Structures are given as C-alpha cells and as structure tokens.
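Here's the letter readout for the chains.
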Amino acid sequence: MLRAGLATRGMDAATKFRILKRHLAAVLRHATPRKLLNLVKTERNMRRKAEVLDSFPYILKIESTNICNLHCAFCYDNRRQPSEGERGYGRMQPAHFRHVVDQLAPYLFKINMYGFGEPFLFPEGFEMIRYATDRNIGVGVSSNMNIKDDLLAEKIIDSGLEVLIFSCHGVTPESYATFMGKGNMELALENIRRLVALKKARNRSTPVIDWQFCVTGFNENEIPLAEQQARELGVDQVRFIKPFFPKDAPAQWWSSKFPRNLDDQAADVEPDCSWLYRSAFVNFDGGISPCCSDVRPLANDFGNALTQPFAEIWNGPAYRAARRLLKNPHAADAQAARVCQRCPLIVNARKQAQ
Ligand SMILES: C[S@@+](CC[C@H](N)C(=O)[O-])C[C@H]1O[C@@H](n2cnc3c(N)ncnc32)[C@H](O)[C@@H]1O
Ligand code: SF4
Ligand code: SF4
C-alpha cells in the first residue's frame with residue numbers, strides 16, 4: 001500500500017535518499033549564517049511549542065494568483081464564485097510580491113510560489129521567480145503546464161526556477177480528462193519535452209522536474225505506464241500521491257492503494273504543526289493564512305502583509321492563540337486561533353484528551 005502524507009512516504013530507500021540529498025543540497029545552496037541561526041531558533045521554538053517567536057519562517061508559500069485555466073474535478077473549491085466575506089480571484093502585483101519577499105528574504109531558503117491557481121498563467125509570475133532567485137531564495141512552482149507559449153521553456157529556465165512540480169494525473173486522455181477536465185495532456189507533455197530538451201541544451205540541472213500524479217481508482221492501473229513515461233520524458237522523478245477528496249466523493253475516485261480514511265493519522269494529545277513555526281501562506285491579496293487550509297473566508301486571515309509588518313502578524317493575537325492550542329487544545333480563547341481551532345489536528349487532540 002502507498003502511504004499518504006510526506007512526499008517520500010511509500011518510496012523505496014534509494015529514491016528517499018535521492019530526494020533527501022536534493023533537499024539538503026538546496027538548503028546548503030541558499031544558506032547564510034543568519035538563515036542557519038534562524039533555522040536553529042525555529043526548530044527550537046517548535047520543539048518547545050513556544051508561543052512568541054524570536055524566529056521567522058524559513059519557507060514561504062506565496063500564491064501569485066488563484067486564477068486558473070483548468071477546472072480539475074476536486075481542486076479546492078471547484079472554481080466556484082466567492083460568497084459574501086470570501087476572497088475573490090485575482091493576481092498579486094509584483095510590487096506587493098517584492099514587499100513581502102523583502103521583509104523575509106534574510107531568513108528564506110525557499111518560496112513555494114503557488115496556491116490555488118496556475119502560476120504560469122501571467123507574465124509577472126516569471127518576474128517574481130527571478131526576483132526571489134536573485135535574493136538567494138530557491139523557488140518552486142506547481143503547474144499544470146497547459147500553457148500555449150512557444151517561449152515557455154525559455155522563460156522558465158531564464159527565471160531561475162529551482163523546482164517544477166508538474167501536475168499530471170493520468171497518462172491516457174480518458175483518465176487525464178476525468179481528473180483535469182478540459183486540460184490538454186498533449187500540450188502539457190510537449191511543454192515538458194521542450195523544457196527537458198532546453199535544460200539539456202544549456203547543460204542545466206534546474207528546474208528539477210517533479211511529476212506529481214494523484215492516484216485515484218480510475219488511474220491506479222496506469223502507475224507502471226506513468227513510470228515508463230517519466231523515463232521517456234526525462235523528468236527527474238515521478239511521485240504518486242494520495243489526493244484529498246470530500247468524504248462523499250464517488251467510489252471510483254478512491255484508490256485501493258491508499259487507506260481511504262483520511263482521519264487515520266493517530267491523534268496526539270499535544271498536536272504538532274510545523275506551519276505555525278516554519279512557514280506561512282501568503283494569499284494573492286497579501287492576506288496571511290497559517291497554512292493552505294480554508295483560505296477563502298477573509299475572517300480566517302491572521303493579518304495582511306501589505307498593510308502590517310509581517311513581524312507584527314507573526315507574533316500577533318491569532319498566531320499566539322493558534323500556538324497555544326498546540327500546547328493545550330482546550331485553551332479558552334480558541335476562537336482567536338480562527339481556522340486552527342477547527343483543524344482536525346486540534347479537534348482530534350481534544351477528543352483524545354477527553
Ligand atoms: C491547487 S494546485 C495549484 C497549482 C497548479 N495549478 C497545479 O495544478 O499544479 C496545487 C497542487 O495541488 C495538487 N492537487 C490538485 N488536486 C488535488 C487533490 N484533489 N488533492 C491533492 N492535491 C491536489 C496539484 O497537483 C498541485 O500540485
Ligand atoms: S490546475 Fe491546479 S489550480 Fe487549476 S483547477 Fe487543477 S489543481 Fe486546481
Ligand atoms: S489549520 Fe491546522 S495545519 Fe493549518 S496551521 Fe492551523 S493547526 Fe496547523
């Protein structure tokens with residue numbers, strides 16, 4: 001059985017070692033004494049479950065846009081229109097991106113520049129990657145690669161992108177379309193072929209191309225084919241992961257290769273959450289979410305990095321309340337922790353402690 005969760009779970013030891021080595025190399029590539037000191041403080045704070053931090057996130061998730069050209073079957077919110085009090089669709093302005101990055105660049109090893117949209121959809125995306133790369137931050141992007149642009153490969157390489165997660169959840173037109181709607185598999189594969197060829201021509205090892213394949217009941221039989229396709233394409237790796245579906249998703253969506261129940265993680269009386277120490281999610285409008293969980297309601301935001309200094313938000317009332325819940329899931333002021341008070345990690349820990 002494949003296991004959900006960590007990107008390396010279920011992989012053989014050699015693959016795990018290769019991925020670990022790549023992560024370590026990326027850390028060393030972007031390390032400075034200040035970043036390393038911050039990393040040590042972060043890990044110490046996380047171990048102690050500190051509430052007020054003397055450290056800053058060292059990995060940031062920034063959503064350059066939440067607009068997408070596709071309509072995947074179980075992507076987040078099915079591209080529905082926002083209700084009242086919810087964030088709409090939009091794109092981050094490059095000046096706003098620079099404003100956020102400038103505040104945290106001394107600490108950041110990595111920016112994952114994607115959330116719930118398609119990062120290669122707009123030209124400013126490449127400019128943003130270049131900006132962060134020039135500040136010694138490794139940038140990763142996840143893309144459906146359904147972009148009609150003969151210069152796409154060139155733009156990606158010129159931006160300095162370090163990691164490209166290629167979302168492709170099927171190797172036959174039928175299974176691809178079931179997951180990725182009107183997506184064009186041939187266009188995506190052709191874009192990957194061109195990128196691999198240009199990397200070779202320029203003798204470049206980046207971006208590392210990491211094909212992510214969400215395994216479902218109707219594409220699980222394509223795993224060997226996908227492995228063969230990955231070798232033919234020349235991508236660096238292919239990962240088969242357990243997708244998130246609503247509990248009432250039709251039976252054919254659930255793969256027999258994973259345990260079906262997502263609540264199968266053992267609940268801890270004292271839950272752990274690395275997001276509240278190592279990372280943060282910056283929405284396209286500057287709204288700060290602690291992670292990518294339920295980012296649509298504006299009332300869930302912990303602050304806004306365009307109107308407040310990030311440091312003020314990071315040790316502000318919402319973050320402090322959320323970190324208190326990690327130590328005591330029954331803490332009295334749970335509402336102040338907004339989205340975290342309803343997180344399964346916290347809810348399960350509460351149940352466990354009863
Ligand atoms: C929401 S997408 C945004 C980036 C880009 N549009 C893409 O598809 O790669 C972010 C990641 O979620 C993954 N994803 C899509 N649907 C999913 C699901 N139901 N469960 C888990 N991951 C999913 C995609 O493969 C992608 O790596
Ligand atoms: S391509 Fe990515 S963002 Fe777009 S609908 Fe699919 S999973 Fe969602
Ligand atoms: S919602 Fe859960 S996973 Fe997300 S930051 Fe809060 S406690 Fe962590």
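Residues numbered from 1 in each chain as written. Chains lettered and ligands numbered in written order. Predicted model: local features only at pLDDT ≥ 70, side-chain atom pairs only at ≥ 80, totals over all residues.

Per an unreviewed UniProt entry, the protein goes by Putative Radical SAM domain protein and derives from Megalodesulfovibrio gigas.

Novice: What is the right way to read the overall build of the protein from this model?
Specialist: In terms of helices and strands, the protein carries 12 helices and 9 strands. Relative to the 2.2 N^0.38 estimate, which gives 20 Å for 354 residues, the radius of gyration of the protein is 20 Å and therefore close to what a compact globule would have. Seen along its three principal axes, the alpha-carbon backbone of the protein occupies a region of about 55 × 45 × 45 Å. Across the 354 residues of the protein, 36% fall into the buried class. When contacts within the protein are restricted to residue pairs at least 6 apart in sequence, those whose partners lie at least 24 apart make up 73%. (Helix = DSSP H or I, 4+ residues; strand = E, 2+ residues; numbered from the N terminus. Rg over C-alpha atoms; globule rule 2.2 N^0.38 Å. Buried ≥ 20, exposed ≤ 12 C-beta atoms within 10 Å, placed from the backbone. Contact = placed C-beta atoms within 7 Å.)

Novice: What is the right way to read the packing of helix α5 (residues 152-159) against helix α7 (residues 185-201) from this model?
Specialist: The angle between the axes and the distance between the axes are what describe a pair of packed helices. Here α5 crosses α7 at 50°, and the two axes come no closer than 9 Å. Here α7 runs oblique to α5, going by the angle between their axes. In the packing of α5 onto α7, the handedness of the crossing is right-handed. Along its contact with α5, which presents Leu 152, Ala 153, Glu 154, Ile 156 and Ile 157, the element α7 presents Asn 191, Arg 194, Leu 195, Leu 198 and Lys 199. Grouping the amino acids of the contact of α5 with α7 by side-chain chemistry returns 6 nonpolar, 1 polar and 3 charged. (Axes fitted to C-alpha atoms, helices over the stretch in contact; angles between N-to-C directions. Parallel < 35°, antiparallel > 145°, perpendicular 65-115°, else oblique. Left-handed = near helix turned anticlockwise from the far one by under 90°. Nonpolar A, V, L, I, M, F, W, Y, C, P; charged D, E, K, R; others polar.)

Novice: Would you mind going over the sheet that holds strand β9 (residues 303-304) with me for this structure?
Specialist: Sheet strands pair by backbone hydrogen bonding; their relative direction is either parallel or antiparallel. Here we have 9 strands laid out as an open sheet, ordered β6-β5-β4-β3-β2-β1-β7-β8-β9, and mixed in their pairing. The sheet terminates laterally at β6 (237-241) and β9, the two strands that pair on one side only. (Pairing = 2+ DSSP bridges.)

Novice: Would you mind going over the site of ligand 3 with me for this structure?
Specialist: In the vicinity of ligand 3, the contacting residues are Cys 273, Trp 275, Leu 276, Pro 290, Cys 291, Ser 293, Ala 322, Val 339, Cys 340, Cys 343, Leu 345 and Ile 346. Residue assignment for the shell around ligand 3 shows that the elements contributing at least two residues are α9 (275-278) and α12 (344-353). Residue composition of the shell around ligand 3, grouped by class: 11 nonpolar, 1 polar and no charged. (Near = placed C-beta within 6 Å.)

Novice: Quick question: what am I supposed to make of the site of ligand 1 here?
Specialist: For ligand 1, the set of nearby residues contains 17 residues, the closest of which are Phe 74, Ser 142, Ser 167, Pro 243 and Phe 244. Of all elements in the fold, only β3 (138-143), β4 (163-167) and β5 (208-214) reach the threshold of two or more residues within the shell around ligand 1. Looking at the shell around ligand 1 residue by residue, the class counts come to 11 nonpolar, 5 polar and 1 charged.

Novice: Looking at this model, I keep getting lost on the nonpolar core. Mind explaining?
Specialist: Inside soluble globular proteins, nonpolar side chains tend to come together where they are buried. Of all hydrophobic cores here, the largest spans 71 residues; its most connected members are Leu 108, Ile 111, Met 113, Val 139, Phe 166, Trp 211 and Val 282. Sequence-distant contacts of Trp 211, that is, excluding residues within four places in its chain, are made with Phe 166, Cys 168, Ala 230, Val 235, Gln 237, Val 238 and Arg 239. (Core = buried A, V, L, I, M, F, W, Y, C linked by C-beta atoms within 7 Å.)

Novice: Whenever I open this one, α7 confuses me. Can you help?
Specialist: Its 17 residues give α7 an end-to-end C-alpha distance of 24 Å, which sits within 8% of 24 Å, the value for a rise of 1.5 Å per residue. Within α7, burial applies to Ala 188, Asn 191, Ile 192, Leu 195 and Lys 199. Seen from one end, α7 has its buried residues packed into an arc of 100°, which puts them on one side. Exposed side chains of α7 directed beyond 90 degrees from the buried face belong to Glu 186, Ala 197, Lys 200 and Ala 201. Looking at the buried side of α7, the elements it contacts are α5, β4, β5 and α8 (223-233). (Expected span 1.5 Å × (residues − 1). Arc of directions from axis to C-beta.)

Novice: Explain the packing of helix α3 (residues 94-104) against helix α4 (residues 124-134) here, please?
Specialist: At a closest axis distance of 10 Å, the pairing of α3 and α4 adopts a crossing angle of 25°. Taken as axis vectors, α3 and α4 run roughly parallel relative to one another. Classified by chirality, the crossing of α4 by α3 is right-handed. Residues Pro 94, Phe 97, Arg 98 and Val 101 of α3 lie in contact with α4, whose contacting residues are Glu 124, Glu 127, Met 128, Tyr 131 and Ala 132.

Novice: What's the story with the environment of Asn 146 in this structure? I'm lost.
Specialist: Structurally, the position occupied by Asn 146 is in the loop between β3 and α5. On the neighbour-count criterion, Asn 146 (21 C-beta atoms within 10 Å) is buried. When the C-alpha positions of Asn 146 and His 169 are compared, they lie 13 Å apart, and in sequence the two are 23 residues distant. With residues near it in sequence (within four places) discarded, Asn 146 still touches Asn 69, Leu 70, Gly 183, Asn 184, Leu 187 and Ala 188.

Novice: Hey, could you run me through helix α2 (residues 33-48) in this one?
Specialist: Residues that lie three or four places apart on an α-helix share one face, since the helix turns once every 3.6 residues. For α2, built from 16 residues, the straight-helix expectation of 22 Å at 1.5 Å per residue is met to within 8% by its first-to-last C-alpha distance of 23 Å. Where α2 is buried, its residues meet α1 (13-30) and α9. Note on α2: the residue one or two positions beyond its end, Lys 49, has a positive phi of about 55°.

Novice: What's the story with the pairing of strand β1 (residues 59-62) in this structure? I'm lost.
Specialist: The two faces of a sheet get side chains in turn, since along a regular strand they alternate between them. As paired strands, β1 and strand β2 (residues 110-112) are joined by 3 bridges and run parallel to one another. Looking at β2, one finds that Lys 61 is bridged to Asn 112. Looking at chain direction, β1 and strand β7 (residues 281-282) are connected through 2 bridges and run parallel. Note that in β7 the partner of Lys 61 across the bridge is Phe 281.

Novice: Would you explain the confidence of the model for the protein in this entry?
Specialist: The predicted coordinates of low-pLDDT regions are not to be read in fine detail. On average, residues of the protein carry a pLDDT of 93, and 94% of them reach 70 or more. Confidence drops under pLDDT 50 across residues 1-6; counting only partners more than four residues distant or on other chains, this segment forms 13 contacts. (pLDDT = per-residue confidence, 0-100.)

Novice: When you look at the pairing of β6 in this model, what are you seeing that I'm missing?
Specialist: Note: β5 against β6, 5 bridges, orientation parallel. Among the inter-strand pairings, Asp 210 is bridged to a residue of β6, identified as Gln 237. Crossover handedness for the path β5 to α8 to β6: right-handed. (Right-handed = clockwise from strand over helix to strand, strands pointing away.)

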